[in-house]
Amino acid sequence: PYFKQWDSKSEFVEFKMKDIPEKSRSIPRMWRYMYWQCVRAPCHEIIHSCQHICGQKMTTQVAEHDAYYSCNVLTLAVCGLPTCTFAYPGLGAEIVLASYQNSKRKLDKLPEGFDLKVYEKWRDSFGVAKGCWNDKNFGSKGDLSKSFEFIAGPLVTLEAC
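Colleague: What should I look at first to understand the pattern of salt bridges in this one?
Modeller: Two side chains carrying opposite charge are able to pair once their charged atoms lie near each other. Applying the stated criterion across every chain yields a total of four salt bridges. When the shortest N-O distance is used, the salt bridge between Glu94 and Arg32 registers 2.4 Å. Pair noted here: Glu94 is in helix α4 (residues 91-108) and Arg32 is in helix α2 (residues 27-53), with a separation of 62 residues, a long-range link. Taking the relative accessible area as the measure of exposure, Arg32 reaches 41% and is therefore partly exposed. Linking Lys104 and Asp108 is a salt bridge whose minimum nitrogen-to-oxygen distance equals 3.3 Å. With Lys104 and Asp108 both in helix α4 and four residues apart, the pair spans about one turn of that helix. You can call Lys104 partly exposed: its relative accessible area is 39%. Exposure remark for Asp108: the relative accessible area of 55% places this residue in the exposed category. It is possible to trace a salt-bridge network through shared partners that takes in Arg123, Asp124 and Glu159.

This is the structure in structure tokens:
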């Protein structure tokens, strides 16, 4: 079905294209990236569901630490299940390698204000250390595109593998 948001000139597609390395940026690559996200993102979100079911009370930074830390490991496990019908051979490894490539690109162009020492403090404390960014929302003041979550999260995901 035609869905306006997926049109190649939509704001959403334009935003998501930035996740594709510039030298190989194309609509088909973006669709592949989105397929990876359809596999990987539920593995991240299921951790949040477990946190909720267990009644954990925590800040966003603690919750996201746990979900990011676990999601690639869970993705690899799910893709390796013999009953898995959506994963072609090597999909889990491909997703992890894409995460590595994405993290490397982000590290090459760290946003202003992102401090690796603060990241290490957050990572090593499993998200509970005080004084990391603004102690909530990874320094975002409402604009998620400026949140350090999208730098810190993928880095801790990669380090977990």
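Colleague: How do you make sense of the environment of Pro82 when you look at a structure like this?
Modeller: In this structure, Pro82 sits in the loop between α3 (60-79) and α4. When its relative accessible area of 81% is taken as the criterion, Pro82 is described as exposed. In sequence terms Pro82 and Tyr119 are 37 residues apart; their C-alpha atoms lie 37 Å from each other.

Colleague: Is there a simple way to explain the confidence of the model for the protein chain in this structure?
Modeller: In regions of low pLDDT, the predicted coordinates are not meant to be interpreted in detail. Mean pLDDT for the protein chain: 82, with 90% of residues reaching 70 or above. The weakest mean pLDDT in the protein chain belongs to helix α1 (residues 11-17) at 76; the strongest belongs to helix α5 (residues 116-124) at 91.

Colleague: What's the story with a nonpolar patch on the surface in this structure? I'm lost.
Modeller: Where nonpolar side chains cluster on the molecular surface, the patch consists of Tyr35, Phe86 and Tyr88 and spans about 260 Å² of accessible area. Tracing the sequence through the fold places Tyr88 in the loop between α3 and α4.

Colleague: Whenever I open this one, the packing of α3 against α4 confuses me. Can you help?
Modeller: Angle between the axes and distance between the axes are the two parameters that describe a pair of packed helices. The N-to-C vectors of α3 and α4 enclose an angle of 160°; their axes lie 8 Å apart at closest approach. Between α3 and α4, the angle is such that the two are roughly antiparallel. Residue-level inspection shows Asn72, Thr75, Leu76 and Cys79 of α3 in contact with α4, the latter providing Leu91, Gly92, Ala93, Ile95, Val96 and Ser99. Across the contact of α3 with α4, the residue classes break down as six nonpolar, four polar and no charged.

Cut-offs and rules
- Residues numbered from 1 in each chain as written.
- Predicted model: local features only at pLDDT ≥ 70, side-chain atom pairs only at ≥ 80, totals over all residues.
- Heavy atoms only, no water.
- Salt bridge = Lys/Arg side-chain N within 4 Å of Asp/Glu carboxyl O.
- Helix = DSSP H or I, 4+ residues; strand = E, 2+ residues; numbered from the N terminus.
- Buried < 20%, exposed > 50% of the residue type's maximum accessible area, 1.4 Å probe, protein only.
- pLDDT = per-residue confidence, 0-100.
- Patch = residues over 30% accessible without salt bridge, like charges linked within 9 Å, V, L, I, M, F, W, Y side chains within 5 Å.
- Areas by Shrake-Rupley, 256 points an atom, 1.4 Å probe, with all protein chains shown as cover.
- Axes fitted to C-alpha atoms, helices over the stretch in contact; angles between N-to-C directions.
- Parallel < 35°, antiparallel > 145°, perpendicular 65-115°, else oblique.
- Contact = heavy atoms within 4.5 Å.
- Nonpolar A, V, L, I, M, F, W, Y, C, P; charged D, E, K, R; others polar.

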